[in-house]
Amino acid sequence: MKLNVFDTDTEVLAGLALYFAECAEAAIEARDQFVVALSGGSSPKRLHELLVAEYRDRIEWDKVYFFLGDERDVPITDAQSNYLMAKQTLFDPLNIEPSHVFPVQTNLGAEEAAKQYTASLIDFFDGKQACFDLIILGLGDNSHTASLFPHTTVLQDETASVQALYIDEVKMNRITFTAPLINNAHHIAFLVYGQGKAEAVKHILEDERNIEEYPAQLIQSKDVQWFLDQPAASRLQNK
Ligand SMILES: O=C(O)[C@H](O)[C@@H](O)[C@H](O)[C@H](O)COP(=O)(O)O
(Lines give C-alpha, C1' and ligand atoms only; values in the text may rest on other atoms or scores of the structure.)
Protein backbone atom coordinates (compact mmCIF):
# COMPACT_ATOMS: atom_id res chain seq x y z
CA MET A 1 0.00 0.00 0.00
CA LYS A 2 1.35 3.43 -0.94
CA LEU A 3 0.15 6.80 0.32
CA ASN A 4 0.28 9.74 -2.07
CA VAL A 5 -0.60 12.84 -0.01
CA PHE A 6 -0.93 16.16 -1.81
CA ASP A 7 -1.54 19.65 -0.42
CA THR A 8 -4.72 20.27 -2.40
CA ASP A 9 -7.52 18.33 -4.12
CA THR A 10 -6.41 19.76 -7.45
CA GLU A 11 -2.97 18.19 -6.94
CA VAL A 12 -4.56 14.87 -5.89
CA LEU A 13 -6.53 14.77 -9.11
CA ALA A 14 -3.45 15.62 -11.18
CA GLY A 15 -1.50 12.88 -9.40
CA LEU A 16 -4.16 10.27 -10.04
CA ALA A 17 -4.64 11.34 -13.67
CA LEU A 18 -0.91 10.81 -14.23
CA TYR A 19 -1.06 7.42 -12.49
CA PHE A 20 -4.05 6.46 -14.67
CA ALA A 21 -2.02 7.35 -17.78
CA GLU A 22 1.01 5.39 -16.56
CA CYS A 23 -1.14 2.32 -15.85
CA ALA A 24 -2.78 2.66 -19.25
CA GLU A 25 0.54 2.95 -21.09
CA ALA A 26 2.01 -0.06 -19.26
CA ALA A 27 -1.07 -2.23 -19.89
CA ILE A 28 -1.26 -1.27 -23.56
CA GLU A 29 2.45 -1.97 -23.93
CA ALA A 30 2.05 -5.39 -22.30
CA ARG A 31 -1.41 -6.51 -23.50
CA ASP A 32 -2.47 -4.01 -26.15
CA GLN A 33 -5.45 -3.02 -24.01
CA PHE A 34 -6.24 -1.23 -20.74
CA VAL A 35 -9.23 -2.50 -18.73
CA VAL A 36 -10.38 -0.14 -16.01
CA ALA A 37 -13.26 -0.09 -13.54
CA LEU A 38 -14.39 3.40 -12.63
CA SER A 39 -15.76 4.57 -9.30
CA GLY A 40 -19.10 6.27 -8.87
CA GLY A 41 -20.04 9.15 -6.62
CA SER A 42 -18.98 12.76 -7.17
CA SER A 43 -15.19 12.71 -6.62
CA PRO A 44 -14.32 11.06 -9.95
CA LYS A 45 -16.11 13.72 -12.05
CA ARG A 46 -13.14 16.09 -11.77
CA LEU A 47 -10.72 13.25 -12.53
CA HIS A 48 -12.64 12.44 -15.72
CA GLU A 49 -12.67 16.11 -16.73
CA LEU A 50 -8.90 16.31 -16.18
CA LEU A 51 -8.27 13.17 -18.25
CA VAL A 52 -10.30 14.70 -21.07
CA ALA A 53 -8.52 18.05 -20.83
CA GLU A 54 -4.94 16.87 -20.34
CA TYR A 55 -4.67 13.28 -21.60
CA ARG A 56 -6.82 13.19 -24.73
CA ASP A 57 -3.74 12.83 -26.95
CA ARG A 58 -1.47 10.91 -24.56
CA ILE A 59 -3.57 7.77 -23.99
CA GLU A 60 -4.64 5.41 -26.80
CA TRP A 61 -8.30 5.65 -25.79
CA ASP A 62 -9.35 3.23 -28.55
CA LYS A 63 -7.56 0.49 -26.55
CA VAL A 64 -9.32 1.29 -23.26
CA TYR A 65 -12.29 -0.74 -21.94
CA PHE A 66 -14.49 0.66 -19.18
CA PHE A 67 -16.49 -1.11 -16.48
CA LEU A 68 -18.09 0.30 -13.32
CA GLY A 69 -17.06 -0.97 -9.89
CA ASP A 70 -20.56 -0.37 -8.62
CA GLU A 71 -23.88 1.03 -9.76
CA ARG A 72 -27.11 2.28 -8.32
CA ASP A 73 -30.29 0.39 -9.23
CA VAL A 74 -31.65 3.24 -11.31
CA PRO A 75 -32.15 3.71 -15.06
CA ILE A 76 -28.97 4.66 -16.94
CA THR A 77 -30.68 7.96 -17.71
CA ASP A 78 -31.14 8.76 -14.02
CA ALA A 79 -29.02 11.55 -12.47
CA GLN A 80 -27.89 9.08 -9.79
CA SER A 81 -26.49 6.64 -12.35
CA ASN A 82 -22.72 6.17 -12.12
CA TYR A 83 -22.74 5.18 -15.78
CA LEU A 84 -24.48 8.44 -16.77
CA MET A 85 -21.92 10.48 -14.82
CA ALA A 86 -19.04 8.69 -16.59
CA LYS A 87 -20.79 8.99 -19.97
CA GLN A 88 -21.23 12.74 -19.58
CA THR A 89 -17.77 13.49 -18.15
CA LEU A 90 -15.56 10.94 -19.92
CA PHE A 91 -17.04 8.64 -22.58
CA ASP A 92 -18.85 11.27 -24.64
CA PRO A 93 -16.12 13.96 -24.53
CA LEU A 94 -13.55 11.34 -25.65
CA ASN A 95 -15.89 9.75 -28.19
CA ILE A 96 -15.34 6.34 -26.61
CA GLU A 97 -16.68 3.55 -28.81
CA PRO A 98 -19.89 2.20 -27.09
CA SER A 99 -18.61 -1.38 -27.52
CA HIS A 100 -15.75 -0.41 -25.16
CA VAL A 101 -18.11 0.63 -22.37
CA PHE A 102 -19.94 -1.90 -20.15
CA PRO A 103 -22.81 -0.32 -18.24
CA VAL A 104 -24.66 -2.35 -15.62
CA GLN A 105 -27.98 -3.29 -17.24
CA THR A 106 -30.16 -2.01 -14.43
CA ASN A 107 -33.22 -2.28 -16.69
CA LEU A 108 -33.06 -6.03 -15.90
CA GLY A 109 -33.61 -5.42 -12.17
CA ALA A 110 -30.79 -5.49 -9.62
CA GLU A 111 -30.43 -9.27 -9.15
CA GLU A 112 -30.51 -10.07 -12.87
CA ALA A 113 -28.25 -7.11 -13.63
CA ALA A 114 -25.64 -8.42 -11.19
CA LYS A 115 -25.78 -11.90 -12.74
CA GLN A 116 -25.50 -10.40 -16.23
CA TYR A 117 -22.54 -8.22 -15.20
CA THR A 118 -20.76 -11.21 -13.69
CA ALA A 119 -21.37 -13.10 -16.94
CA SER A 120 -20.08 -10.19 -19.05
CA LEU A 121 -16.87 -10.17 -16.99
CA ILE A 122 -16.39 -13.92 -17.49
CA ASP A 123 -16.97 -13.43 -21.21
CA PHE A 124 -14.66 -10.41 -21.47
CA PHE A 125 -11.86 -12.19 -19.61
CA ASP A 126 -12.29 -15.38 -21.71
CA GLY A 127 -13.54 -17.49 -18.82
CA LYS A 128 -10.63 -16.56 -16.61
CA GLN A 129 -11.03 -14.65 -13.35
CA ALA A 130 -11.49 -10.93 -14.06
CA CYS A 131 -8.19 -9.11 -13.59
CA PHE A 132 -8.54 -5.38 -14.12
CA ASP A 133 -5.50 -3.33 -15.00
CA LEU A 134 -6.81 -0.57 -12.72
CA ILE A 135 -9.77 -0.16 -10.39
CA ILE A 136 -10.51 3.34 -9.11
CA LEU A 137 -12.32 3.49 -5.77
CA GLY A 138 -13.83 6.25 -3.67
CA LEU A 139 -14.37 6.19 0.08
CA GLY A 140 -17.58 7.11 1.85
CA ASP A 141 -17.38 8.98 5.15
CA ASN A 142 -18.79 5.80 6.71
CA SER A 143 -15.79 3.82 5.36
CA HIS A 144 -17.64 2.09 2.51
CA THR A 145 -16.07 1.69 -0.90
CA ALA A 146 -17.79 0.70 -4.13
CA SER A 147 -21.10 -0.44 -2.63
CA LEU A 148 -19.48 -2.45 0.14
CA PHE A 149 -21.34 -0.80 3.00
CA PRO A 150 -20.92 -1.50 6.73
CA HIS A 151 -22.80 -4.50 8.16
CA THR A 152 -23.92 -5.91 4.82
CA THR A 153 -23.79 -9.54 3.73
CA VAL A 154 -21.64 -8.81 0.66
CA LEU A 155 -18.66 -8.13 2.97
CA GLN A 156 -18.43 -11.87 3.68
CA ASP A 157 -18.73 -12.87 0.03
CA GLU A 158 -15.54 -14.70 -0.94
CA THR A 159 -16.45 -15.03 -4.63
CA ALA A 160 -14.88 -12.72 -7.20
CA SER A 161 -18.22 -11.60 -8.61
CA VAL A 162 -20.81 -8.87 -8.90
CA GLN A 163 -23.59 -8.88 -6.32
CA ALA A 164 -26.85 -7.00 -5.84
CA LEU A 165 -28.18 -6.04 -2.45
CA TYR A 166 -30.48 -3.56 -0.79
CA ILE A 167 -28.55 -0.93 1.17
CA ASP A 168 -30.73 0.44 3.95
CA GLU A 169 -28.37 3.39 4.52
CA VAL A 170 -29.08 4.79 1.08
CA LYS A 171 -32.56 3.26 0.73
CA MET A 172 -31.80 1.63 -2.61
CA ASN A 173 -30.49 -1.48 -4.30
CA ARG A 174 -26.87 -1.38 -5.33
CA ILE A 175 -24.89 -3.61 -7.69
CA THR A 176 -21.25 -3.99 -6.66
CA PHE A 177 -17.98 -5.76 -7.28
CA THR A 178 -17.10 -7.95 -4.32
CA ALA A 179 -13.81 -7.37 -2.47
CA PRO A 180 -12.18 -10.49 -3.99
CA LEU A 181 -13.01 -9.23 -7.48
CA ILE A 182 -11.50 -5.82 -6.68
CA ASN A 183 -8.45 -7.35 -5.01
CA ASN A 184 -7.62 -9.37 -8.12
CA ALA A 185 -6.76 -6.17 -10.01
CA HIS A 186 -3.20 -5.35 -11.03
CA HIS A 187 -3.59 -1.84 -9.57
CA ILE A 188 -6.11 -0.24 -7.23
CA ALA A 189 -6.30 3.52 -6.64
CA PHE A 190 -8.36 5.23 -3.96
CA LEU A 191 -9.33 8.82 -4.75
CA VAL A 192 -10.17 10.59 -1.48
CA TYR A 193 -10.15 14.29 -0.78
CA GLY A 194 -11.76 16.67 1.70
CA GLN A 195 -11.82 16.98 5.49
CA GLY A 196 -15.07 15.01 5.66
CA LYS A 197 -13.19 11.80 4.77
CA ALA A 198 -10.40 12.18 7.38
CA GLU A 199 -12.06 9.96 10.01
CA ALA A 200 -12.79 7.21 7.50
CA VAL A 201 -9.24 7.34 6.12
CA LYS A 202 -7.85 6.90 9.63
CA HIS A 203 -10.22 3.97 10.31
CA ILE A 204 -9.14 2.22 7.12
CA LEU A 205 -5.41 2.83 7.29
CA GLU A 206 -4.60 2.91 10.99
CA ASP A 207 -7.36 1.40 13.12
CA GLU A 208 -7.74 -2.22 14.20
CA ARG A 209 -9.16 -4.52 11.51
CA ASN A 210 -12.96 -4.38 11.69
CA ILE A 211 -14.38 -4.97 8.23
CA GLU A 212 -18.00 -4.84 9.35
CA GLU A 213 -17.49 -1.25 10.51
CA TYR A 214 -14.80 -0.28 8.01
CA PRO A 215 -15.43 -2.26 4.79
CA ALA A 216 -12.70 -0.54 2.77
CA GLN A 217 -10.21 -2.43 4.97
CA LEU A 218 -11.13 -5.43 2.78
CA ILE A 219 -9.21 -3.88 -0.11
CA GLN A 220 -5.76 -5.44 0.06
CA SER A 221 -3.80 -6.25 -3.05
CA LYS A 222 -0.33 -6.20 -4.60
CA ASP A 223 -0.60 -2.54 -5.51
CA VAL A 224 -3.06 -0.31 -3.61
CA GLN A 225 -2.33 3.38 -3.99
CA TRP A 226 -4.10 6.08 -1.95
CA PHE A 227 -4.40 9.51 -3.54
CA LEU A 228 -5.27 11.92 -0.69
CA ASP A 229 -5.20 15.60 -0.01
CA GLN A 230 -3.88 16.94 3.31
CA PRO A 231 -7.39 17.43 4.81
CA ALA A 232 -8.35 13.81 4.09
CA ALA A 233 -5.02 12.61 5.52
CA SER A 234 -5.15 14.97 8.52
CA ARG A 235 -6.10 12.28 11.08
CA LEU A 236 -3.29 9.90 10.08
CA GLN A 237 -0.39 9.44 12.50
CA ASN A 238 1.91 8.04 9.82
CA LYS A 239 1.82 9.81 6.50
O1 LIG B 1 -21.68 4.65 -6.15
C2 LIG B 1 -21.04 5.29 -5.33
O3 LIG B 1 -21.51 6.21 -4.62
C4 LIG B 1 -19.59 5.05 -5.19
O5 LIG B 1 -19.06 4.07 -5.86
C6 LIG B 1 -19.18 5.17 -3.76
O7 LIG B 1 -18.44 4.12 -3.24
C8 LIG B 1 -18.39 6.45 -3.67
O9 LIG B 1 -17.10 6.24 -4.25
C10 LIG B 1 -18.25 6.93 -2.26
O11 LIG B 1 -19.55 6.98 -1.70
C12 LIG B 1 -17.61 8.32 -2.24
O13 LIG B 1 -18.48 9.19 -2.94
P14 LIG B 1 -18.09 10.74 -3.21
O15 LIG B 1 -16.94 10.69 -4.19
O16 LIG B 1 -19.34 11.33 -3.80
O17 LIG B 1 -17.69 11.32 -1.88
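Residues numbered from 1 in each chain as written. Predicted model: local features only at pLDDT ≥ 70, side-chain atom pairs only at ≥ 80, totals over all residues. Heavy atoms only, no water.

- Per an unreviewed UniProt entry, the chain goes by the name 6-phosphogluconolactonase and belongs to Mucilaginibacter litoreus.
- Under the heading Function (unreviewed entry), UniProt records this for the chain: "Hydrolysis of 6-phosphogluconolactone to 6-phosphogluconate."
- Taken from UniProt, the Pathway (unreviewed entry) comment for the chain reads in full: "Carbohydrate degradation; pentose phosphate pathway; D-ribulose 5-phosphate from D-glucose 6-phosphate (oxidative stage): step 2/3." (UniProt positions renumbered as here; feature names shortened; annotations may be inferred.)

1. Quick word on unusual backbone geometry
- At Asp32, a residue that is not glycine, the phi angle is positive and equals roughly 60 degrees.
- Assignment of secondary structure puts Asp32 in the loop between helix H1 (9-31) and strand S2 (34-38).
- A positive phi angle, close to 55 degrees, is found at Lys171, a residue other than glycine.
- With relative accessibility at 55%, the residue Lys171 sits in the exposed group. (Helix = DSSP H or I, 4+ residues; strand = E, 2+ residues; numbered from the N terminus. Buried < 20%, exposed > 50% of the residue type's maximum accessible area, 1.4 Å probe, protein only.)

2. Here we look at the packing of H1 against helix H2 (residues 43-54)
- Taken N-terminus to C-terminus, the directions of H1 and H2 make an angle of 60 degrees; their axes are 9 Å apart at the nearest point. Regarding the angle of H1 to H2, the classification is oblique. In the crossing of H1 with H2, the sense of the turn from one axis to the other is right-handed. Of the residues in H2, those in contact with Asp9, Thr10, Leu13, Ala14, Leu16, Ala17 and Phe20 of H1 are Ser43, Arg46, Leu47, Leu50 and Leu51.
- Partitioned by chemical class, the residues of the contact of H1 with H2 number eight nonpolar, two polar and two charged. (Axes fitted to C-alpha atoms, helices over the stretch in contact; angles between N-to-C directions. Parallel < 35°, antiparallel > 145°, perpendicular 65-115°, else oblique. Left-handed = near helix turned anticlockwise from the far one by under 90°. Contact = heavy atoms within 4.5 Å. Nonpolar A, V, L, I, M, F, W, Y, C, P; charged D, E, K, R; others polar.)

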